[in-house]
Amino acid sequence: MVFNIPTLVSLDRDGTKVHMMPTVVSYPAWYRGLKRVRDIVIGEEKITMLDSEFSLRGLMSSPVLPDAPVAIDPNDVLPFVEKAAPVDGKEMTQWMHEAMAQNVVMSARIMEYNSGSPGYLTGNSTDPRYPGLIVGDIRFQSEPGLKIREKGYGTVITPLGNYHVPFRGKRPGIFKDLLSWGSCTSAGVIQWVASLLKWLRLKETPIRQRIGFYMDLRGHNAPNFFVQKPKFPRAAVRVRQVFSSNDRQELHIRFRDPSDYTRAIGEKVLDISRGTHSIEYSVSAFPFVPPLVSEIQPEDGVQTVLVEYDVS
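Residues numbered from 1 in each chain as written. Predicted model: local features only at pLDDT ≥ 70, side-chain atom pairs only at ≥ 80, totals over all residues. Heavy atoms only, no water.

Peer 1: Looking at this structure, how should I read the overall build of the protein?
Peer 2: Helix and strand counts for the protein come out as three helices and 21 strands. For 312 residues, the compact-globule estimate of 2.2 N^0.38 gives 20 Å, and the C-alpha radius of gyration of the protein, at 20 Å, lies within 12% of that figure. Taking the principal axes of its C-alpha atoms as reference, the protein extends roughly 65 × 60 × 30 Å. Each of the 312 residues in the protein was classed as buried or not, and the buried ones make up 53%. Of the contacts formed within the protein by residues at least 6 apart in sequence, a portion of 69% connects residues at least 24 apart. Carbon and sulfur atoms make up 52% of the accessible area of the protein, which totals about 13500 Å². Each charge class in the protein was averaged separately, 37 positive and 34 negative side chains, and the resulting centres sit 6 Å apart. (Helix = DSSP H or I, 4+ residues; strand = E, 2+ residues; numbered from the N terminus. Rg over C-alpha atoms; globule rule 2.2 N^0.38 Å. Buried < 20%, exposed > 50% of the residue type's maximum accessible area, 1.4 Å probe, protein only. Contact = heavy atoms within 4.5 Å. Areas by Shrake-Rupley, 256 points an atom, 1.4 Å probe, with all protein chains shown as cover. Lys, Arg positive; Asp, Glu negative; His and termini not counted. Charge placed at Lys NZ, Arg CZ, Asp CG, Glu CD.)

Structure below.
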């Protein structure tokens, strides 16, 4: 199997060899070598409503708390967590409830992404101060909550560089060979709560199982990343995506170069209403449409599910 980059990379950091696991893409058999993606042309979309209602049907329950309700918004899980382990001011505190509620929905989203066609997403939500928020080879810098509030951001440390996540905000960490995302939910004097996601292998089309988009307690939606993988080399392909959401939203789709994730080469903004919609549009390029990384970003505060994604 040919990947866009090695699955394990060694870096020289001040004379010390550091090993990192980048975000990899599996190329189709017909696509030879690491060709640089040229410009693409994205056609007008055709949007068809399939159902006016939004449903959580088909989403997975959490492996962290299997009895918790299936949910995208962790606020819908928080009462269950609070009842299961009430705050006592000693062994159980409020920040633990927040982190647990976010972990319940995050773990379900990770299972959905990692099931079916190959894909490997990992993540966690906890206090970066202690016990520390570490996801593989990336982590939030350990600092007290008061410092996060004063600075206005927390710092995610990766082998390829650092990035700042706004206090009570979110930010993706997109590097040439690495895709990640973080958000900061709340901060006290010592403890604070954050979320961190890292994509190790991107899930590829065709996708025909439901995948929810992770939302934190403040309604910050994380993007998701997929490989749009044409079956054959063609000058034009037809993309079909089906999304379901609980409210009207602007859904942003950004196509990225698999040989350099920082390079965006096309973008589409979809205005969709509540319910389930099929979206179809063409993508063309010369001499053929290459494999592309699609970054799909729902609008904050809107519960969103990818139902289907195919290219032909």
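Peer 1: Would you mind showing me how to read the nonpolar core here?
Peer 2: Generally speaking, nonpolar side chains in soluble globular proteins are found buried as a group. Residues Leu197, Trp199, Leu202 and Phe243 are the most contacted members of the largest nonpolar core, which totals 52 residues. For this core, the element with the highest residue contribution is helix α2 (residues 94-114), accounting for six residues. The contacts of leucine 202, once residues within four sequence positions are left out, are Thr23, Val24, Val25, Tyr113, Pro118, Gly119, Leu179, Phe225, Phe226, Val227 and Val293. Leu133, Ile148, Leu178 and Ala194 belong to the second-largest nonpolar core, a separate cluster that totals 18 residues. (Core = buried A, V, L, I, M, F, W, Y, C linked by side-chain atoms within 4.5 Å.)

Peer 1: Whenever I open this one, a nonpolar patch on the surface confuses me. Can you help?
Peer 2: Nonpolar side chains collect at one region of the surface, where Leu146, Val189 and Ile190 lie side by side and expose about 250 Å² of accessible area between them. Mapping isoleucine 190 onto the fold places it in the loop between β11 (178-187) and β12 (192-201). (Patch = residues over 30% accessible without salt bridge, like charges linked within 9 Å, V, L, I, M, F, W, Y side chains within 5 Å. Salt bridge = Lys/Arg side-chain N within 4 Å of Asp/Glu carboxyl O.)

Peer 1: In this structure, what is going on with the packing of aromatic side chains? I would like to understand it.
Peer 2: Aromatic ring pairs are described here by two measures, namely the spacing of the ring centres and the angle between the planes. In total, this model carries ten aromatic pairs according to the counting rule given. Aromatic pair tyrosine 163 and phenylalanine 175: ring centres 6.2 Å apart, planes at 55°, arrangement tilted. Placement of the pair is tyrosine 163 in strand β9 (residues 161-166) and phenylalanine 175 in strand β10 (residues 170-175), with a sequence separation of twelve residues. The exposure class assigned to tyrosine 163 is buried, which follows from its relative accessible area of 8%. When its relative accessible area of 14% is taken as the criterion, phenylalanine 175 is described as buried. Ring geometry for tryptophan 199 and phenylalanine 225: centres 4.8 Å apart, planes at 80°, overall edge-to-face. Placement of the pair is tryptophan 199 in strand β12 and phenylalanine 225 in strand β15 (residues 224-228), with a sequence separation of 26 residues. A cation sits over an aromatic face here: lysine 268 above tyrosine 281, 5.3 Å from the ring centre. (Phe/Tyr/Trp six-rings, centres within 6.5 Å; stacked < 30°, edge-to-face > 60°. Lys NZ or Arg CZ within 6 Å of the ring centre and 35° of its normal.)

Peer 1: Help me understand the pattern of salt bridges, please; the structure alone is not making it clear to me.
Peer 2: Any two side chains of opposite charge can pair, given that their charged atoms come close. As enumerated under the stated definition, the model contains 19 salt bridges in all. In this structure, glutamate 45 and lysine 268 form a salt bridge, with 2.7 Å as the shortest nitrogen-oxygen distance. Note that glutamate 45 is positioned in the loop between β3 (41-42) and β4 (46-51) and lysine 268 in strand β18 (residues 260-272), a separation of 223 residues in sequence. Owing to a relative accessible area of 8%, lysine 268 belongs among the buried residues under this scheme.

Peer 1: Whenever I open this one, the environment of threonine 16 confuses me. Can you help?
Peer 2: Inspection of the secondary structure assignment puts threonine 16 in strand β2 (residues 16-20). Of the residues examined, threonine 16 reaches a relative accessible area of 47% and is grouped as partly exposed. Placed 166 residues apart in sequence, threonine 16 and glycine 182 show a C-alpha to C-alpha distance of 27 Å.

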